[in-house]
Each structure stands twice: as C-alpha cells, then as structure tokens.
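Descriptive analysis of the structure
Residues per chain are reported as follows:
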There are 2 protein chains.
Amino acid sequence: MAAKPVMINLTADELPTRWYNILPDLPEPLPPPQDPPEGPSRLEQLPNLLIGECLKQEFAEDRWIDIPPGLQELYLKAGRPRPLFRATELEKRLETPARIYYKAEFFSPTGSHKVNTALAQAYYAREQGFERMTTETGAGQWGTALAYGCALVGLKCTVFWVRAVHDWKTDRRRFMKMYGADVHASPSPLTKVGKELYSKNKKHPGSLGIAISEGLEDAGGDPNATYSLGSVLNHVLLHQTVIGLEAQKQFEKFGDYPDVVTSCLGGGSNFGGFALPFYGDALTKGKKVQFVAAQSEVAPNLQGEYRFDFADYAEITPLLKMYTLGHRVEMAPIKGDGLRYHGSSPIISLLRHHEKLDTVAYPADEKHVFERAGEFVRAEGFIPAPESAYGIAYAIDEALRCKESGEAKCIAVNVSGHGFLDIPGFAEVLGIK
Amino acid sequence: MAAKPVMINLTADELPTRWYNILPDLPEPLPPPQDPPEGPSRLEQLPNLLIGECLKQEFAEDRWIDIPPGLQELYLKAGRPRPLFRATELEKRLETPARIYYKAEFFSPTGSHKVNTALAQAYYAREQGFERMTTETGAGQWGTALAYGCALVGLKCTVFWVRAVHDWKTDRRRFMKMYGADVHASPSPLTKVGKELYSKNKKHPGSLGIAISEGLEDAGGDPNATYSLGSVLNHVLLHQTVIGLEAQKQFEKFGDYPDVVTSCLGGGSNFGGFALPFYGDALTKGKKVQFVAAQSEVAPNLQGEYRFDFADYAEITPLLKMYTLGHRVEMAPIKGDGLRYHGSSPIISLLRHHEKLDTVAYPADEKHVFERAGEFVRAEGFIPAPESAYGIAYAIDEALRCKESGEAKCIAVNVSGHGFLDIPGFAEVLGIK
C-alpha cells in the first residue's frame, strides 16, 4: 500500500518560465489609466515612478511574458515551486464530499506571496542600474518582501511605514532591518511632505497615502533610486501568476481540476496571482470555474462602484477604472490588515464587471474567519496569515455547503502567507491565553 | 540560458519510504542502557514509558526500517520532502571557492525538525490505541511539534512546560493551544510531584527534570495515555534520518557530495537526522566526509566525559553511555535554548568516541553566531532558528577558511528550524531596534 497523494511538489525544472498576461484574453480591453481633470499629469510621471520593464509589462499585449533566467534563479532561491496540498484530514473532519486543495505560499521566506513581485521588481531595478528602492508599507508584509528582494539582489531598500503600525509591529520591523533595510516611521523627518507633518506632531499616526508620498519623494530626489508598488497594478498581478501557473501543473498531476477557485482579496495581487491562470482556461478554453474573492466587511471593495478612482489617498497615482469604495473611505482596523484597501485592481474589477467573479465579505469581528483558520490549523497543521484565513474560511464554508447538497466539488484556495508573526491577533480573537 | 541550479525539490514519489538505522553499521555495538546501582529498575519501566513500536526500534538490528504508508502520508502533509538549496549568493559574497548547501527544515509547520519524530510517535501511539500523549518541553519547539503531531492524528496532547520559559514565550504557548494542546506551566498542581513544589511556590521556575517527571506521572496514571521524548534516543534519531536521506538524493541530483557535514547539536536529533545517512556512506562505502557538530560553550556536551549518565535531571531514565557534562550541570541561558542539554545521544557519542566527529563550541554571547546568521539572512533570505544559526556559523567559518586555503570544499548544513518566533533574541544580540 502506498501513501495517498496528499501533496504535489514540482521540481526546479518545472518552475514556470513565463508569466501569464491576461490582458489579451479579457472580455474587453482594459480601460487605460487616466489623468484627473485637474492638477498635474500623473500619466506623464509614470516613467519616473515605475521601473522601465514593469511599465512595459503594465500594457503588454503578449499572452506570455518570459521570466528572465536570473529571476527564475531568484524564484528557486525563494523556495519556488511551492507545494499544492490536498486537505485530506480537513475534508475528513468536515465529512464533506468536496475535495479541498491549498497552495502553500506560506513557505515564503518573508511570510507572504509578496516576494514574487518584490524579487521581480528588485531584479529589474538592478538591471536598469538602480542602487536603491523605496516603498511604503501598511501591514508590513510588502515592506518585508521588498527588503528581502533588495537584500538578495544587493540593492539598498528604504521603507516608509505607517507609524501607527510601525510602532507596535516590533518583530516585523526588526525582521526588515535584519535584511538591511532602512525603516522609517511615516511621517518621517526625511522628506518634505513628511517633515511638515512630523514637525507638528512627532507621534503623527500616518497613513498609507502619506507613506506613498514619502517613498515617491525620496526616490524622486535620487537618480539612483526607484519606487516600487506591491499590489493593484497589472505588472504586479502578472508576476504573481507564477502561483496559479504552478498550481495548474500540480492539479494536472493530481488528475483533478478546480470547480471553485477562491482566496482573499485586498488590492488583488494574491487573488489575481492564483486565479488568473485559471481565468485563462475559463476565458479561452471554456472551462467552467466559479471564482470567489474572500473579503472583509470593513473593505468590501468589490461591492463598491465601478468607476475611475485614485489608487492612493494622496492622489499621486493616475485614475484607475476599478471597483472602489472611494479612495478616502475610512476603514475600521482588523487583524487581516492587508485586506484594508479601498479598491480592487483594474484586471480583477473588469472580470467582476463581466460577472465572472463572486464575492463574499466576512464580519469585522473576524471570529468566524479565525475559527475556520483554527479548524485548518488543527487538521492540516499550517498556521495561515490572518488575510489567508479569509480564503480558508470560504473554502470550508463551501465544503460544508457541499455536505448539505451532496456535491463533490473541487475547491482550490491559495494560502497566501503564514501567521507566525500574527499569533497575538489570532489569540485575541479566539480568546487563547 | 537556463536558470542556474540553486535548489533541488524532490517529488512526493521521492519521499524516503524507509529510515536508516545506523546501529548495525556502528564501529562497535552500542552499549545498551543500564540501571543505576541503586533504586528501582528503570529498564523494567521502559515498556511503560515508550510506545511499543518505538521501543522495538530503539534496539532494532535491521539497517532499514519501513516508514508505514500512513506515516509517509503525514510526512507529505508536513511538506516533506523539503528542498536542498545551494547558497550561491552567500558563496559569492564570501568570495569563497567552497560550495555551501543547506537543507530547508525551516519549512516545518511548527518551526523545527522535531515534527519528523512527533508525527512518527503520534502515529504509532494512535495505532497502539492510545488517546492522549504527554510530554515535557523546555525551549518549546518539542512541545509545539508534539501538539501538532497529536492534532493531525486526532490525539489529545498534554504539555508540561518549564515555567521559566512558559511564562514569557507567549506566542509559542498560544501556538500550541491553537493545535488544541493542554499546556501547563511546570511544576503544576496537576501531578503529585508538581503539586508538592507548586504548593510551596506558585512561581517555581521549574526545570526540564521536573517537567519530565510530571509528564511521566500524568501518562502513568492514565491507561489511555503515553509519554513521548523528542531527542537523544535511538528511535528519535532514526525518525530524523528522513532529513539526511532526502539530502542524499538531492546531492545526487546536484551531482555533488559533501566533504563537510555540519549542523547544530543539543541532544543530537537534528545533527543525527541530517548526518547519520552520510555516516552510513562513510562507514560502509568508504566515503571521506568530515562531520562537525556546532555547539554552545554553555553546553559543550561532546567535550564532556564518555560515561554512563542519566538522560534527565530527575534520574527517572536508565543510564545511557554518552558524552556528558553531568546530568545536574548548571547551564547559563542562551537564545539557542535547544542546545542546552547536558549529554549527547548514545549514537552520536559512540561516533565521537571513535573520532568520527569533530566539534566546535561558540561563545555564550552568541554574537559571532548571530552575525553569521545575519549574513545568511541577507544573502539567502531565510531566517533560521537561533539553534540553526550555530550550524550556519560553522559553515560560513569553514567557507572562509577555504577562501584562505583555496580549497573548493563542499559544505552541507541542515537549517533545522526557522526563527520567525525568535526575532526578539536576534534583535537583542545584534542590537536591532
């Protein structure tokens, strides 16, 4: 008797060598970004904001885009390809006829899928001759990922981190510094925009908008530096498709194919990275797949309006056509911090607009979501990031609906990160001492 | 141009299906455990202390021992096989002609290699009809691993945790509880031995010896419970050989073979698990390999005396022939807590006795070791456990000696765990705020 197939590992040879660009396969052309009616042109600034290769990818028309061999090497160094697991023990405990599969982005060196684009952007930045990258971070996952990417390719990294989070996420801050990053609470005294606020209030809690402005100003004033964004944009989702492309090969080896593809969705890079290759099958090969984005009620951006809006609070970016709650909406704090974003990436938004995406928003107390995460931890053993718990919750809820209906659906979820640095959040919500 | 080979993943099919038992290949028969001249017989108690299958394995004469298919499945669920990486970026930065490879036990669900024996023991305990397992833990890695193992196979788990550590390792404690384990600060009021101490001092700091006694008493009083040990014993090292067996296959695919095999050594389960299969090659196939155990100056047990000694402070175990500092030696606290053990497992000790093992002990301030870990983090991106940092430090030190001598050695190190829950320790020693 052999062991049951519960995990598929791909070999290094099987690492995807191309990303999937969904732009040519979308139901209609993606509305390009626009300038707002007033103020300076944001579009003209794009070449100064984005790495050259990323800007090219942002509007690329080719369905497949080569991953440079040097970057493939970095993906291998990050532990890609990552396993796809069948959640056999969870299925058994749920007594569901459904089959649940989960992709192990939690094996990321920094804790989340963000490394997939961080490595790509750091790689291209170095190729373009930059010596330093700047960015902002809110929850901290993106800042850590870029610190890591820069460390591996030998670039300096400057992170402007929303002070309200910077000040209490002690371990994540130290982690970024172990990678050699310069980490500043934002607003900081280092930039003009920061200094103005900082000089008035040294404990100013900051915001993502202010941190973005600081990162942009810092990079703008240094010809050897470039700025980097970790979600929303097309090229970021493109880089993340390595997740879904691996998963497709793994499903083939399992001899199965998902009926339901789900994961959490904040700005869209995790969901997109996992789902877009399966969308490709649905759009071009007629595969029947249900796509479901798991969100929080504090930021159900896919239930917002489909219109042009800024990607940032400070109105520095061009307008993007997307589902949005409004770029200055207030959002209550939750442990799944990475889901607190006002808009959904243009690609995901277009798919939603064409009714190719369902969405669920879980209550702000996170109790249901974290209890589901607890069930997952006890049956499968891996501790997910709070954000990832949303996708897991949906997968379990759906598997329990299958138990009622008797349907033997195949459910695929991407566990976008691990929760080792988020145990206090789980403990608080679940009442663990 | 293809990506350079920097990582070898094995597929699920390539998971080892047998463990390597070194007992028949040792230079002389392993001295069996003995009873002390006075007091009750410990040997007669062994069948009540150890799981039946583990006791059998403890004295097994077969070179290869089958891993049951159901347990193979659990290994797959834990993400085995794990990658072997070539540290190309680290080599480049060190400007060394040496080749450095590291095994990724840091992808463990709970944070260390301990899961390899925790799953095996939980599996066998369930097969034997037990409903609950008890154990002690010091640093906490073993307690987490057993909590995990029990959760996956559906057993209850009771952990007696040295109070001095239990009280401050808040996140690791909550982590164990997320797996559903009952976690008690030891001495606890739950056992006779604990109650006696606890009733006199509710803040008694405890010791590993007391915690062992509590675990044994608790299991002894419940016919449905069994006790479990996470290091030192032959069967524990046997279970851990899955690490080295995978690594051997991976080296074959890399087309390379280690000249130096190193890793940290506390009780010996990590070092043994990685090194024993390579010892097998050295002992039976004449392979020339240097083996080096990386230890702390606070517990350089391999520099102790080779004699019979108790495995525990409380003198509950039989006497084992091993290198020991004395079972009641005082050891200063260090961040690499898991290295603080007075003796080295009998198998490792015998190899040392036959001069088949070199040893290095790093200073108690851990500065050198953690600085080396920092170099590893920045070049390779993975944050090691404090214990694992010792092996990494030796690998780097050796690679730098190669730089001096011009030798192009192949150095293999097992990174036995990750450091996500140990960032405060690194930060303190490295002065990161």
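**Observations concerning the packing of aromatic side chains**
Counted under the stated rule, the structure contains 48 aromatic pairs over all chains. Ring geometry for Tyr101 of chain A versus Phe251 of chain A: centroids 4.8 Å apart, planes at 65 degrees, classification edge-to-face. Placement of Tyr101 of chain A in strand β5 (residues 99-104) and of Phe251 of chain A in helix α11 (residues 234-254) is noted, with a sequence separation of 150 residues between them. Between Phe370 of chain B and Phe426 of chain B, the aromatic rings sit 4.6 Å apart at their centres with planes inclined by 45 degrees, giving tilted as the arrangement. Pair noted here: Phe370 of chain B is in helix α14 (residues 367-380) and Phe426 of chain B is in helix α16 (residues 423-430), with a separation of 56 residues, a long-range link. Across this residue pair, the class does not change: Phe370 of chain B and Phe426 of chain B are buried. An aromatic cluster is built from Phe85, Tyr102, Phe106, Phe107, Phe376 and Phe382 of chain A together with Phe85, Tyr102, Phe106, Phe107, Phe376 and Phe382 of chain B, whose rings are joined through pairwise contacts. Here the guanidinium or amino end of Lys287 of chain A rests over the ring plane of Tyr257 of chain A, the centre of that ring lying 4.0 Å away.

**A short note on the packing of helix α5 (residues 115-127) of chain B against helix α11 (residues 234-254) of chain B**
A pair of packed helices can be characterised by two numbers: the angle between their axes and the separation between those axes. Residues and elements named next belong to chain B. Relative to each other, α5 and α11 sit at 120 degrees, their axes nearing to 8 Å. With respect to each other, α5 and α11 are oriented oblique. Here α5 and α11 pass one another in a crossing that is right-handed. In this structure, α5 uses Asn116, Thr117, Ala120, Gln121 and Tyr124 to contact α11, whose residues at the interface are His235, Val236, His239, Gln240, Val242 and Ile243. Of the residues in the contact of α5 with α11, the class split is five nonpolar, six polar and no charged.

**Section: the domain arrangement of chain A**
Think of interface size as the accessible area that goes away when the parts come together; that is how it is often given. Residues and elements named next belong to chain A. Once the domains are mapped, chain A shows domain 1 (7-15 + 79-112 + 235-430) and domain 2 (34-67 + 114-232). The straight-line distance from the C-alpha centre of domain 1 to that of domain 2 is 24 Å. Facing 39 residues of domain 1, the contacting portion of domain 2 comprises 39 residues. Contact between domain 1 and domain 2 buries roughly 3100 Å² in total, counting both sides, with carbon and sulfur atoms accounting for 62%. Contact with domain 2 buries area across many residues of domain 1, yet Thr110, His235 and His239 alone supply 21% of it, more than any other trio. Inspection of the region where domain 1 meets domain 2 yields zero salt bridges. Applying the counting criterion to the domain 1 and domain 2 interface returns 10 residue pairs in polar contact (both at pLDDT 80 or more). Elements with a contribution of two residues or more to the side of domain 1 that touches domain 2: α11, α12 (269-285), β12 (305-310) and β13 (319-324). The biggest single contributor to the side of domain 1 that touches domain 2 is α11, with nine residues.

**A closer look at the relation of the copies chain A and chain B**
For the pair chain A and chain B, the relating rotation is 180 degrees, the translation along its axis is 0.0 Å, and the fit reaches an RMSD of 0.0 Å. The superposition of one copy onto the other is thereby described by a two-fold rotation axis. Of the residues that chain A buries at the interface, 100% are likewise interface residues in chain B, meaning the two copies contact each other through the same surface.

**Structural notes on the side chain of Glu398 of chain A**
All names here are of chain A. You can see Glu398 is positioned in helix α15 (residues 386-405). A relative accessible area of 5% places Glu398 in the buried class. With residues up to four places along the chain from it excluded, the contact list for Glu398 reads Val260, Gln290, Lys409 and Ile411.

**Structural notes on the interface of chain A and chain B**
Each side of the interface is counted separately: chain A has 59 residues, and chain B has 59 residues. Carbon and sulfur atoms supply 65% of the area that chain A and chain B bury against each other, a total of about 5100 Å² over both sides. It is Lys77, Met178 and Phe420 of chain A in chain A that bury the most area against chain B; as a group they hold 16% of the surface buried on that side. Here chain A is connected to chain B by two salt bridges. Glu380 of chain A is the partner of Lys77 of chain B in a salt bridge, and the nearest nitrogen-oxygen pair spans 3.0 Å. Across the contact surface, chain A and chain B share 18 residue pairs in polar contact (both at pLDDT 80 or more). Among the secondary structure elements, those contributing two or more residues to the side of chain A that touches chain B are α3 (69-77), β4 (84-86), α4 (88-94), α6 (141-153), α8 (170-178), α14 (367-380) and α16 (423-430) of chain A. It is α8 of chain A that provides the largest number of residues to the side of chain A that touches chain B, a total of six residues.

**So, the nonpolar core**
Residues Trp19 of chain A together with Trp19 of chain B are the most contacted members of the largest nonpolar core, which totals 267 residues. Leu50, Ile212, Ala219 and Ala311 of chain B belong to the second largest nonpolar core, which has 17 residues in total.

**Some remarks on the side chain of Arg172 of chain B**
Residue and element names in this part refer to chain B. Counting through the fold element by element, Arg172 comes out in helix α8 (residues 170-178). Among buried Asp, Glu, Lys and Arg side chains, Arg172 stands out as unpaired, with Asp422 the closest opposite charge at 5.0 Å. A polar contact of 2.8 Å, which involves the side chain of Arg172, links it to the side chain of Thr144. Filtering out sequence-adjacent residues up to four positions away, Arg172 remains in contact with Thr110, Ala139, Gly140, Gln141, Thr144, Trp161 and Leu421.

**Let's talk about the environment of Thr262 of chain A**
Residues and elements named next belong to chain A. Examined against the element boundaries, Thr262 turns out to sit in strand β10 (residues 260-264). A residue is classified by how much of its surface remains accessible, and Thr262, at 0% relative accessible area, is buried. Note: C-alpha distance between Thr262 and Ala294 (32 residues apart in sequence) is 7.0 Å. Excluding its chain neighbours within four sequence positions, the residues that come into contact with Thr262 are Phe271, Phe274, Val292, Gly391, Tyr394, Ala395, Ala412, Val413 and Asn414.

**What to know about the pattern of salt bridges**
What the rule picks out here adds up to 52 salt bridges over all chains. Note that Glu89 of chain B and Lys92 of chain B form a salt bridge whose closest N and O atoms lie 3.4 Å from each other. Separated by three residues within a single helix, Glu89 of chain B and Lys92 of chain B lie in helix α4 (residues 88-94), roughly one turn from each other. Across the pair Arg307 of chain B and Glu305 of chain B runs a salt bridge whose closest N-O atoms are separated by 3.7 Å. The class of Arg307 of chain B is partly exposed, set by a relative accessible area of 29%. Judged by its relative accessible area of 51%, Glu305 of chain B is exposed. If you follow the salt bridges from partner to partner, you end up with Arg80, Arg82, Lys103, Glu105 and Glu246 of chain A in one network.

**Comments concerning the sheet that holds strand β5 (residues 99-104) of chain B**
All names here are of chain B. Spatial ordering of the open sheet is given by β1-β4-β5-β15-β10-β11-β14, a layout of seven strands whose pairing is mixed. Of all the strands in the sheet, just β1 (7-8) and β14 (358-362) have a single pairing partner and so form its edges. For β1 and strand β4 (residues 84-86), the ladder comprises two bridges, and the chain directions are antiparallel. In the strand pairing of β4, Ile8 is matched with Leu84. Packing against the sheet, α11 makes contact with β1, β4, β5 and β15 (410-415), and its axis sits at approximately 140 degrees to β5.

**Considerations on unusual backbone geometry**
A cis geometry characterises the amide bond from Ser186 of chain A onward to Pro187 of chain A, with omega recorded as 5 degrees. With respect to the helices and strands, Pro187 of chain A occurs in the loop between β8 (182-186) and α9 (192-200). Of note in this structure, Glu355 of chain B is not a glycine but carries a positive phi near 55 degrees. Within the secondary structure, Glu355 of chain B sits in the loop between α13 (346-353) and β14.

**Quick look at the sheet that holds β4 of chain A**
Residue and element names in this part refer to chain A. Ordered in space as β1-β4-β5-β15-β10-β11-β14, the seven strands form an open sheet in which the pairing is mixed. Whereas interior strands pair on both sides, the edge strands pair on one side only; in this sheet they are β1 (7-8) and β14 (358-362). Note: β10 against strand β11 (residues 290-296), five bridges, orientation parallel. When the bridges of β11 are listed, Ser263 appears paired with Ala293. Against the sheet, α11 contacts β1, β4, β5 and β15 (410-415), and its axis sits at roughly 140 degrees relative to β5.

The rules behind the values
- Just so you know, the residues in each chain are numbered from 1, in the order the chain's sequence is written.
- Here the convention is simple: chains get letters from A, ligands get numbers from 1, in the order in which they are written.
- The model is predicted, so local features are restricted to residues of pLDDT at least 70 and side-chain atom pairs to those at 80 or more, both for listing and for counting; the totals for chains, interfaces and linings are taken over all residues.
- As a convention, hydrogens and water are excluded, and side-chain values are obtained from all of the structure's heavy atoms.
- In this scheme Phe, Tyr and Trp rings, the latter by its six-membered ring, pair at centre separations within 6.5 Å, and the angle between planes marks the pair as stacked below 30 degrees, edge-to-face above 60, and tilted otherwise.
- Helix and strand assignments follow DSSP, with helices taken as H or I runs no shorter than four residues and strands as E runs no shorter than two, numbered in order from the N terminus.
- Think of it in three bands: with a 1.4 Å probe and only protein chains considered, a residue is buried below 20% of the maximum accessible area for its type, exposed above 50%, and partly exposed in between.
- Charge-over-ring placement is defined geometrically: NZ (Lys) or CZ (Arg) within 6 Å of the ring centre, and within 35 degrees of the ring normal.
- In this description, a line fitted to the C-alpha atoms serves as the axis of each element, helices being fitted only across the stretch in contact, and the angle between N-to-C directions of two axes falls anywhere from 0 to 180 degrees.
- Throughout, the term roughly parallel applies to angles under 35 degrees, roughly antiparallel to angles over 145, roughly perpendicular to angles from 65 to 115, and oblique to all others.
- Crossing handedness follows the turn of the near helix against the far one: under a right angle anticlockwise gives a left-handed crossing, and clockwise gives a right-handed one.
- Any two residues whose heavy atoms approach within 4.5 Å are treated as being in contact.
- Each residue is assigned to one class: nonpolar for Ala, Val, Leu, Ile, Met, Phe, Trp, Tyr, Cys and Pro, charged for Asp, Glu, Lys and Arg, and polar for all the others, Gly among them.
- Domain start and stop positions are those given by an automatic or database domain assignment.
- We define buried area as the total accessible area lost by two parts upon association, computed with a 1.4 Å probe and summed across both.
- Any Lys or Arg side-chain nitrogen found within 4 Å of a carboxyl oxygen on Asp or Glu counts as a salt bridge.
- Pairs of N or O atoms are called polar contacts if they sit within 3.5 Å, as long as, within protein, a hydrogen donor faces a hydrogen acceptor (for residues adjacent in sequence, only side-chain-to-side-chain pairs).
- Our superposition of the copies is a least-squares fit, built on the C-alpha atoms of residues whose pLDDT is at least 70 in both.
- Here, nonpolar core refers to any group of buried Ala, Val, Leu, Ile, Met, Phe, Trp, Tyr and Cys residues whose side-chain atoms link them within 4.5 Å.
- In this charge count, Lys and Arg are treated as positive and Asp and Glu as negative; neither His nor the chain ends contribute.
- Strand pairing is assigned whenever DSSP detects at least two bridges linking the two strands.

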